[in-house]
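Analysis of the macromolecular model
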Amino acid sequence: MEQTLRLFWAVSLPPAVREKLAAVQDLFRGLPLDVKWVETENLHITVRFLGETGTHLVEPLTAAVAERVAETAAFTLRLGEVGVFPSVRKPRVLWVGIRNFEPLVALNRLVEEAVRSLGFPPENKPYSPHVTIGRFRTATGARALERTIAAAGPQEVGEVIVDGLELLASRLTPAGPVYTPLRRVFFGGVVGEP
Ligand code: 3AM
């Protein structure tokens, strides 16, 4: 049987931005929430989740994405407000949003084309760019969460210059996911070490 890996494409975040996102998590740490905080080193922007994928597809996926982003220019993202999916009353995911998300939506479209060309089924929900900072197990503390988000307002998380994306393997463990970068694809189409 061929080995499979749980793959996704993501934009990585520089350490300084991840530290600032950890400070955003700290605003919520004192609340009675039933939440699993994303580890600082794991903070990222998902571009496209692929799921369990045969290892023979790593190279074709990399090549297909490199071809699609050959004409993409580097862009700068501004991170900011804090929000909750699907709603603050039924919290599942605590996220930090991206104010100028258009370039990420365009990038997602290119990656979508690339993965579809290799036979992956279409993503069944619209792409919504964000950084997940916490995952709720239950809705405990939803009211305190709502108040804290309103009081916190937009956060100064800084800017992220995006000049490429990474193919990551996610291994699920009882302690949380472990992400391993497999390939880095730079805009312009160059493939490098992650
Ligand atoms: O960092 P976020 O939360 O945006 O939610 C998962 C995470 O994205 C998402 O892929 C990223 C790495 O695990 N993900 C996990 N399972 C998924 C699925 N079945 C999924 N996205 C879409 N469909």
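Before reading on, note that the structure itself is shown above.
Presented here is an overview of the structure given in this document. Just so it is clear, the structure is predicted and the values come from calculations on it, not from any experiment.

**Quick look at the side chain of His44**
Position of His44 relative to the elements: it lies in strand E3 (residues 44-54). Polar contacts involving the side chain of His44 include one to the main-chain carbonyl oxygen of Asn42, which spans 2.7 Å. Side-chain polar atoms of His44 contact the side chain of Thr46, separated by 3.0 Å. The contact partners of His44, leaving out residues within four places of it in the chain, are Phe8, Ala10, Val11, Leu13, His130, Val131, Thr132 and Tyr179.

**What about the site of the ligand?**
The ligand sits among Arg6, Phe8, His44, Thr46, Phe49, Lys125, His130, Thr132 and Arg135. Within the side chain of Thr132, an N or O atom sits 2.7 Å from an oxygen atom of the ligand. Between the ligand and the protein, one listed contact pairs an oxygen atom with a side-chain N or O atom of Arg135 at 2.6 Å. Contact with the protein chains hides 71% of the accessible area of the ligand, taken as 480 Å² for the molecule alone. Listing elements by their share of the shell around the ligand, those giving two or more residues are strand E1 (4-12), E3 and strand E6 (130-136). In the shell around the ligand, the residues fall into two nonpolar, four polar and three charged.

The rules we used
- Residues numbered from 1 in each chain as written.
- Predicted model: local features only at pLDDT ≥ 70, side-chain atom pairs only at ≥ 80, totals over all residues.
- Heavy atoms only, no water.
- Helix = DSSP H or I, 4+ residues; strand = E, 2+ residues; numbered from the N terminus.
- Polar contact = N/O pair within 3.5 Å; in protein donor to acceptor, adjacent residues only side chain to side chain.
- Contact = heavy atoms within 4.5 Å.
- Near = heavy atom within 4 Å.
- Areas by Shrake-Rupley, 256 points an atom, 1.4 Å probe, with all protein chains shown as cover.
- Nonpolar A, V, L, I, M, F, W, Y, C, P; charged D, E, K, R; others polar.

Purely geometric numbers; function is a separate question.
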